Structure formats: structure tokens, C-alpha cells
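So you can see what is in the structure, the chains are spelled out below.
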Amino acid sequence: MSNELRNFLAIPYDELEEMNLAAKKQRLDRVAPHKIQEERLKYLTDEKRIKAVTVLFSDLEGRLHMLDYDKKFLVKSFDNLTFDGSSIRGFTAQRESDLRLGIDWGAFYWAPADVFGSGKVLVFGEVIDKGGAPYSGDIRAVLKTFAQGLNKKEGYTLNAANEIEGFLFQGADAERRYHETGKFDYVNTGGYYHSLPGDPLRTFIDTTAEVQRAMGFQNEKDHPEVAPSQFEINYSYAEVVAAADQIQLYKLICRQVATKMGLTASFLPKPVVGVNGNGMHTNVSISKGGKNLFWDAKGEEKLSKLGWSFIDRILTHGNDICLMLNASVNAYRRLDPHFEAPNQIKASPTARGSMVRIPIGNEKSMRVEVRSVGPDANPYMVMYSIFKTGLDGETAKIKNLRQAERYLPDNVYTAMENFRKSKWTTEILGEDVKSRYVDLKQASADRCPRLLGTFVKAPEVQYHHDVYNQFLWNLF
């Protein structure tokens, strides 16, 4: 059909940024949900150029799912959307498959038409069980309830920002085709901070950054990373649920931009042997009444007592929660100390091999950085486990806890054993969700080579031969 016959919504990037930032501010200001719902429904009704609303939700492992609803249908039926939960990994059994999908109207995004298609808007959904309560397997809902409860009880706002590394490989389906090629081909071999203007990696980074900016990410800096063809695109912190949503959108945007360029954006923690892997360094802080509670000008490293107790609890439960932060076989290949891997259960302002780092900060930016997180983990589970542990966990009576010689697991089987035995992970997830989650991890691990050193040789570079299997089960 000729484009002349169509009149679908396509908004310039500068206007998109204004609209998305306004929506983001409503979310941060905790505008009443019913007021935002009323405003969004009126907008959808009045804006005739919108044809569809894309509703996003994540399964138990953090894999992103998207449903397109006809705009007119959604406006009439937004409170009665159902789907088959038994078709989603980690959700309901077949005998109890029906689940509802609510709309989180505050998590509403206008996306660039040239990347996502014209006439569409995006919104995050909330999975609801038959009884009308948030579904226990929807960790986004669990995180949201936890964060709202702390705000109501303590006045806390949980803040997070993520530094998400990825690789850009030749070919539009490089991961899916790995079993055919046995290797990944770099688009750039320049390394840290080095990429010529106009080369494929720089063009990809620039384009992705433009899309993020338009969607209200509030970018900070972007650059090629240490490994060949590796990238990192940083953006500002946000309230914890919005921050986790942005992780999902970040990976979606990167994949979409790469695909349009005939390339592949990969977030496997360790797709290539012999070079640095991909991390998702997670920076967290807590504020109250606009004041950063992790800042203390007179504290050790300028970190407050609350910040240090937060770290102590993370270190205490480091092995317990490791499977939630490093969710795949491939993630444990990244935890290799030869490549700046943060596998030591320590806290340090400088040592990048420590699980927790205390970056230089000021009254506004003081934070705690949890470095031992893989980018293929469920972002909502990562945020929930870190904040829940840092605030409510126990503190071990270990001599010199912050510098004791302790290490994270170097394989997924040990991580699963620690996770299963831990009473703390049961308290975090509940027995049922915990069991379902570890069963999925066990099934995925059993499909892969057991030994960490298993790899095959390819020209010039060595590659793990389990990458393709890991990709299939860790798409997001």
C-alpha cells in the first residue's frame, strides 16, 4: 500500500524527548495512577494517528515479551486483557493457564518511528493472577510492590543506574547462526575509547544513543569498551522500576538498531574466549526527601553508615544471590579473574575484581556499585535481590568481612546449590517461585557442557561452543 494513503504517527526526535521526559517526571513525582490512566486514555482516544499499542512484560528469567493491541480495542478493553500463561517460561502450569495483563500507564513510551515503526506507542504491562492480585512470577510487580512499600513506610526512593556492556558482531543473526559458523566476526578491533567516526561500531553507538535520548534515557556518555567490537552506552539513574524497564528497552533498542544495520548486538556475558566479557555494573542508592542517604562527608570513602551496612549485607549473602545476578552457564565464564572479573566477595573503592565497589561521588552521586552482574540476568530480579538484601539481609560475623578472602562460584552448578540451600533466597522469592526459577536454570545448564574450560578453536580467536545454546535460552 502506498505511504500516501497512510497517516500514522511519526514524531521528531526532539519532541519525543520532551514527551518521554514529561512522562518520566510524572512517574518520579508519583502522580496518582488513576490520573495518569485518565490522561493516557484520553491521549490514545484523541490521537487518531496511533494504530497500535505495544504492551511489554517479562517472564521469570527476564526474557522480554511484546503484544501489539489495536488501539481502539485496547482503549475499550484495557481492564480485561488475558493471555495464556502456560506458554510463558516460568509462569503457570497448563491446567491453570489464564492470566490477566494490566497496564502500568506510568511506564508509557513514545518511540522513534524509523526504529519501531510509525503509529505505535509502548507501555509496560503488569501480570495479574485469577484473583486480581499481582502474579508472583512477575518479578517486575514484586519489585514495584517492594519499592512502593518502602516509600510509603520509610519515605525511601530506590535509585539505580546500569552500565551495560555488549558486543556488536557481523551479520543480522550472528547468535542464531553460531552453530553454522562456529565463530563471531568483529565489526571493529579498535578497543577502549577507540573508534573512527563513521565506522560501523561508532555509527551503531551514535544511532542507539539518539534513540535512547529520544526515549528519555537522559544519556551521559558512550564509547567502545575494552574488548574488540564491544560497546557501552551510559545514561542517568532512575527510580528502581523505571531503571529496570530501561534495561529491557536498552537491549531492545540495541538489537533493533543493529538488525537494521545488518549486524547483531549480543549481551551474552562471555561470547568470546580471550577477551573481556560483558558486565552490567549496577549502581544503587537510596534517597529520602531529595537527600542521598548514602552520602556522608565524614564517612569512610564518604559513604554513610547506611551505605556500609547495605554493602555488608550484600557481601554476607553474595553466594546466596549469585544465581539471580548471574543467571546462565555463560555468565560464569565471565567471572574469570584474568579479565577484570568481579568474582571476589569484597568491597573496595579501587579494586575492580571486587564484587562491590564504592565509586568516587558527591552529595548527589554517592552510590554503591555491584559489579558481579551479567547482562542476561532478569533486571527486575537483579534490582529486587540487591535492594532487598542490602536493606533486610543479615550481616555475617566474619572477621574483616569487607576484605576476607571469599569468592563467588565459578560455575552455575555451585551457584544453584548455594541458591537452593539458602533460606534467604526463599525469603526473597518464596518457595514456589524459587523452585520454578532454579528448575529453569538446571534445565538450561544440563543442555550445556559441564566443564568451564570446554571450548573449540576457530580461526584467530577461540570461542565457547555452548554460546548458541545459551543464546536460545537467554535471549534477554
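What counts, and at which threshold
Residues numbered from 1 in each chain as written. Predicted model: local features only at pLDDT ≥ 70, side-chain atom pairs only at ≥ 80, totals over all residues. Heavy atoms only, no water. Salt bridge = Lys/Arg side-chain N within 4 Å of Asp/Glu carboxyl O. Buried < 20%, exposed > 50% of the residue type's maximum accessible area, 1.4 Å probe, protein only. Helix = DSSP H or I, 4+ residues; strand = E, 2+ residues; numbered from the N terminus. Phe/Tyr/Trp six-rings, centres within 6.5 Å; stacked < 30°, edge-to-face > 60°. Lys NZ or Arg CZ within 6 Å of the ring centre and 35° of its normal. Axes fitted to C-alpha atoms, helices over the stretch in contact; angles between N-to-C directions. Left-handed = near helix turned anticlockwise from the far one by under 90°. Contact = heavy atoms within 4.5 Å. Nonpolar A, V, L, I, M, F, W, Y, C, P; charged D, E, K, R; others polar.

Novice: How do you make sense of the pattern of salt bridges when you look at a structure like this?
Specialist: Where charged atoms from two side chains of opposite charge come close, those side chains can pair. Counted under the stated rule, the structure contains 23 salt bridges. A salt bridge links Arg-63 to Glu-61; the shortest N-O distance between them is 3.5 Å. Overall, the relative accessible area of 9% leaves Arg-63 in the buried class. Given a relative accessible area of 4%, Glu-61 falls into the buried group. Two residues, Lys-120 and Asp-68, come together in a salt bridge whose shortest N-O distance is 2.6 Å. Placement of Lys-120 in strand β5 (residues 120–128) and of Asp-68 in strand β2 (residues 64–70) is noted, with a sequence separation of 52 residues between them. Of the residues examined, Lys-120 reaches a relative accessible area of 27% and is grouped as partly exposed. Taking the relative accessible area as the measure of exposure, Asp-68 reaches 43% and is therefore partly exposed. Salt bridges sharing partners connect three or more residues here, namely Arg-27, Asp-104, Glu-126, Arg-140, Lys-144 and Asp-245.

Novice: Any chance you could explain the packing of aromatic side chains here in plain terms?
Specialist: With the rule as written, the count across this model stands at 19 aromatic pairs. Ring plane angle 80 degrees and centroid distance 4.9 Å describe the contact between Phe-217 and Tyr-235, whose orientation is recorded as edge-to-face. Remark: Tyr-235 occurs in strand β8 (residues 230–235) and Phe-217 occurs in the loop between α7 (200–214) and β7 (219–224); sequence separation between them is 18 residues. For the residue pair Phe-217 and Tyr-235, the accessibility class agrees, reading buried in each case. Sitting over the ring of Phe-8, Lys-51 keeps its end group 4.5 Å from the ring centre. In this arrangement the basic side chain of Lys-434 is found over the ring face of Phe-419, its NZ or CZ atom lying 5.6 Å from the centre.

Novice: How should the packing of helix α5 (residues 139–154) against helix α12 (residues 379–392) be read in this particular structure?
Specialist: Relative placement of two packed helices is described by the angle separating their axes and the distance separating the axes. Running from N to C, α5 and α12 cross one another at 35 degrees; their axes reach a closest spacing of 9 Å. Crossing hand, α5 versus α12: left-handed. Side by side, α5 and α12 meet where Ile-139, Arg-140, Val-142, Leu-143, Phe-146 and Leu-150 of the first sit next to Tyr-380, Met-381, Met-383, Tyr-384, Phe-387, Lys-388, Leu-391 and Asp-392 of the second. For the contact of α5 with α12, the per-class residue count stands at 11 nonpolar, no polar and 3 charged.

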